[in-house]
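Fold and contact review
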Amino acid sequence: MAGSGDSVFAHIVLAPEDPILGVTVAYNKDQSPVKLNLGVGAYRTEEGKPLVLNVVRKAEQLLVNDQSRVKEYLPITGLADFNKLSAKLIFGDDSPAIQENRVTTVQSLSGTGSLRVGGEFLGKHYHERTIYIPQPTWGNHPKIFTLAGLSVKSYRYYNPQTKGLDFEGMLEDLGAAPSGAIVLIHACAHNPTGVDPTVEQWEQIRTLMRSKGLLPFFDSAYQGFASGNLDSDAQPIRMFVADGGELLAAQSYAKNMGLYGERVGALSIVCRNADVASKVESQLKLVIRPMYSSPPLHGASIVATILKDRNMYDEWKVELKSMADRIISMRHQLFDALNSRGIPGDWSHIIKQIGMFTFTGLNPEQVAFMTKEFHIYMTSDGRISMAGLSSSTVPHLADAIHAAVTRLS
Ligand SMILES: Cc1ncc(COP(=O)(O)O)c(C=O)c1O
C-alpha cells in the first residue's frame, strides 16, 4: 500500500532521451563557444540561424489581415484545398490517378502523423501486417509502425563498404518478402544515409514490387530538398502511380516549407478506382477521429495560400532551391576541407550523397571523441546534418574529423 507522500508512479523508470532529439538536449547543456549541433534535421542559414521563408511570412500576413477568417474546427480530413493541392504537388499536376478521383488525401500532423495514420489504417484493414523498412532508416519508423499494430522487418539498403546502395541485397530481400507485404520507401534523400537509387534502379524495384504484389508506402519528408526540384524528387512515386497500382504516400512540409513546428503534412492513398478511394477515406476518418479529432488549421492554411497562388508558388520554389543549393555547397566545402588536410580514406561519398544528411562512416567511438574534444554533436551512427553547417564552421568540423580518424581508426 502506498504511504502518504508515495507516488502511484514510483515504479516508473526514467526513459532514455530520444536518440535524435537527445543530441540537442546535450548540445544545449554545453557552454563552449565553438559548440556545433549537427544532430537535428532542421535547416540553418549561413549564420547558423533557423529560417522562416519570406513566402511563409507573406502568407501568414495575408491570413492575419483577412478578417473573414474564423477559428472553427476543420473537418476530420482537414482543409479541402490543402488536401487537393498537396496531392497535386506530390503526384503531379496532370496525374491520371487524381483526374480519375482514385486518390484520397487527408491532412495529418506532419510526416510523423501521416505515417502513423497510414500505419493504423493498414493495421486495421490490410490483410498483410508485415512492413519492411530499410536498414538503416529514420529511428522513428520502427516505433511508429509497431505501435500501429504492424510487424516490422527490414530490407538491406546501405553498403558500409561502398558507402552507397546495397542494390542487390535490397532486391534479394524484397524478392524474399511474403507477397502483399508493405514496403516503406524513402521517396528521396534517404535518412540517414543520403543514398538514393537511380531512376533505372527505381524501375527495377518497381517491377519487382509490383510482380510480387508488395504494397509501397512512400515517406516523402524532403520533396524539393534533395535536388532543389519538386518534380525530380517526386519521380519515384510518380513511376509507381503511373503503372495504375495502389500505394500510400506520407508528405511533410516541415523541411521544404520550413514549417517544422506547425506540424503540417498529408497522407494520400492511391486506389484502383474512385469507389474504393471513397470507402478508404471513410475508414481513415474512423482512425483519425479518436486519435486527435481533426487537424490544426494554421499550418495547412499557410501551405494552401502558397500553393494556390502562382506568384507565391514560384517564390517558394526559388527559396526552396536556395536551401538545397546551400546544402550542396556545404558538401563541396567539407569535401575540399577534408582533402586539404590529407585525411586518410575516400570521402567522395560526402558529395555523392544527397539531401539533408551525410552518413560519414565515423564510428560511435569517433563520434563520442568529437563531442568530447571538439563540442560537435551528432547522432552516434555518424550522421551529420549538412544544413547545420556553414562556411565558418566547416574548418572546425574538418579538424575534428581529422583528429578522430587519425587517432581512433
Ligand atoms: C525520413 C523521415 N520521415 C519522416 C520525418 C517526419 O518529420 P515531421 O514529422 O517533422 O514531418 C522525418 C523527419 O526528420 C524524416 O527524416
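What counts as what
- Residues numbered from 1 in each chain as written.
- Predicted model: local features only at pLDDT ≥ 70, side-chain atom pairs only at ≥ 80, totals over all residues.
- Heavy atoms only, no water.
- UniProt positions renumbered as here; feature names shortened; annotations may be inferred.
- Helix = DSSP H or I, 4+ residues; strand = E, 2+ residues; numbered from the N terminus.
- Buried < 20%, exposed > 50% of the residue type's maximum accessible area, 1.4 Å probe, protein only.
- Lys, Arg positive; Asp, Glu negative; His and termini not counted.
- Salt bridge = Lys/Arg side-chain N within 4 Å of Asp/Glu carboxyl O.
- Contact = heavy atoms within 4.5 Å.
- Near = heavy atom within 4 Å.
- Polar contact = N/O pair within 3.5 Å; in protein donor to acceptor, adjacent residues only side chain to side chain.
- Areas by Shrake-Rupley, 256 points an atom, 1.4 Å probe, with all protein chains shown as cover.
- Nonpolar A, V, L, I, M, F, W, Y, C, P; charged D, E, K, R; others polar.
- Core = buried A, V, L, I, M, F, W, Y, C linked by side-chain atoms within 4.5 Å.
- Domains from an automatic or database assignment.
- Pairing = 2+ DSSP bridges.
- Phe/Tyr/Trp six-rings, centres within 6.5 Å; stacked < 30°, edge-to-face > 60°.
- Lys NZ or Arg CZ within 6 Å of the ring centre and 35° of its normal.

Per an unreviewed UniProt entry, the protein goes by the name Aspartate aminotransferase and belongs to Lithospermum erythrorhizon. What UniProt states about the protein under its Subunit (unreviewed entry) heading is, verbatim, "Homodimer." UniProt's Cofactor (unreviewed entry) comment on the protein is quoted here verbatim: "pyridoxal 5'-phosphate".

1. Some words on the side chain of Asp 219
Tracing the chain through its elements places Asp 219 in strand β8 (residues 215-220). With no salt bridge to any partner, buried Asp 219 finds its closest opposite charge in Lys 255, at an N-O distance of 9.5 Å. The contacts of Asp 219, once residues within four sequence positions are left out, are Leu 115, His 141, Leu 184, Ile 185, His 186, Ala 187 and Ala 250.

2. Re the site of the ligand
Lining the immediate surroundings of the ligand are 13 residues, of which Ser 110, Thr 112, Asn 191, Asp 219 and Ser 252 lie closest. Take Gly 111: an N or O atom from its main chain is 2.8 Å from an oxygen atom of the ligand. Note that a nitrogen atom of the ligand is positioned 2.5 Å from one of the side-chain N or O atoms of Asp 219. Protein chains bury 91% of the 400 Å² of accessible surface belonging to the ligand in isolation. With 3 residues, the single largest contributor to the shell around the ligand is helix α5 (residues 110-125). Class assignment of the residues belonging to the shell around the ligand gives a composition of 4 nonpolar, 6 polar and 3 charged.

3. Thoughts on the pattern of salt bridges
Inspection of the entire model under this criterion finds 16 salt bridges. Between Asp 81 and Lys 308 there is a salt bridge, and its shortest N-O distance comes to 3.0 Å. One end of the pair, Asp 81, is in helix α3 (residues 80-91); the other, Lys 308, is in the loop between α12 (298-307) and α13 (310-340), with 227 residues separating them in the sequence. Here Lys 308 falls in the exposed class, since its relative accessible area comes to 53%. A salt bridge links Arg 156 to Asp 173; its shortest N-O distance comes to 2.9 Å. Taken as a pair, Arg 156 in strand β4 (residues 151-156) and Asp 173 in helix α7 (residues 167-176) lie far apart in primary sequence, 17 residues in all. Exposure remark for Arg 156: the relative accessible area of 35% places this residue in the partly exposed category. Residues joined by salt bridges that share partners form a network here, namely Glu 203, Arg 206, Arg 210 and Asp 243.

4. Quick word on the nonpolar core
Membership of the largest hydrophobic core comes to 67 residues, with the highest contact counts inside it found for Trp 316 and Met 370. For this core, the domains that each give at least three residues are domain 1 (21-51 + 325-404) and domain 2 (73-308). Beyond its immediate stretch of four places on either side in the chain, Met 370 contacts Leu 362, His 375, Ile 376, Met 378, Leu 397, Ala 400, Ile 401 and Ala 404.

5. Looking at unusual backbone geometry
Residue Pro 136 is bonded to the preceding Gln 135 through a cis peptide linkage, with omega at 0 degrees. Between Asn 191 and Pro 192 the backbone carries a cis peptide bond, its omega angle lying at 15 degrees. As for its position among the elements, Pro 192 is in the loop between β7 (182-186) and α8 (199-211).

6. A closer look at the pairing of strand β2 (residues 103-108)
Taken residue by residue, a regular strand's side chains alternate between the two faces of the sheet. A large share of β2 lies buried, amounting to 6 of its 6 residues. Burial along β2 is two-sided: the residues Val 103, Thr 105 and Gln 107 and Thr 104, Val 106 and Ser 108 are all buried. Examined bridge by bridge, β2 and strand β10 (residues 265-270) share 6 bridges and lie antiparallel to one another. Each residue of the ladder has a partner; that of Thr 105, found in β10, is Ser 268.

7. So, the packing of aromatic side chains
A complete count under the given rule lists 11 aromatic pairs for this structure. Geometrically, the ring pair formed by Tyr 27 and Tyr 377 is edge-to-face, given 5.8 Å between the ring centres and 85 degrees between the ring planes. Linking Tyr 27 in helix α1 (residues 21-29) with Tyr 377 in strand β12 (residues 376-377), this pair joins segments that are 350 residues apart in sequence. Here Tyr 27 and Tyr 377 have matching classes, each one buried. Seen from their ring centres, Tyr 222 and Phe 225 are 6.5 Å apart, and the 65 degrees between their planes marks the pair as edge-to-face. Aromatic ring contacts, followed pair by pair, group Tyr 43, Tyr 222, Phe 225 and Phe 357 into a single cluster. Sitting over the face of the ring of Tyr 27, Lys 35 holds its NZ or CZ atom 4.4 Å from the ring centroid. The residue whose ring lies beneath Arg 383 is Phe 357, and the NZ or CZ to ring-centre distance is 3.7 Å.

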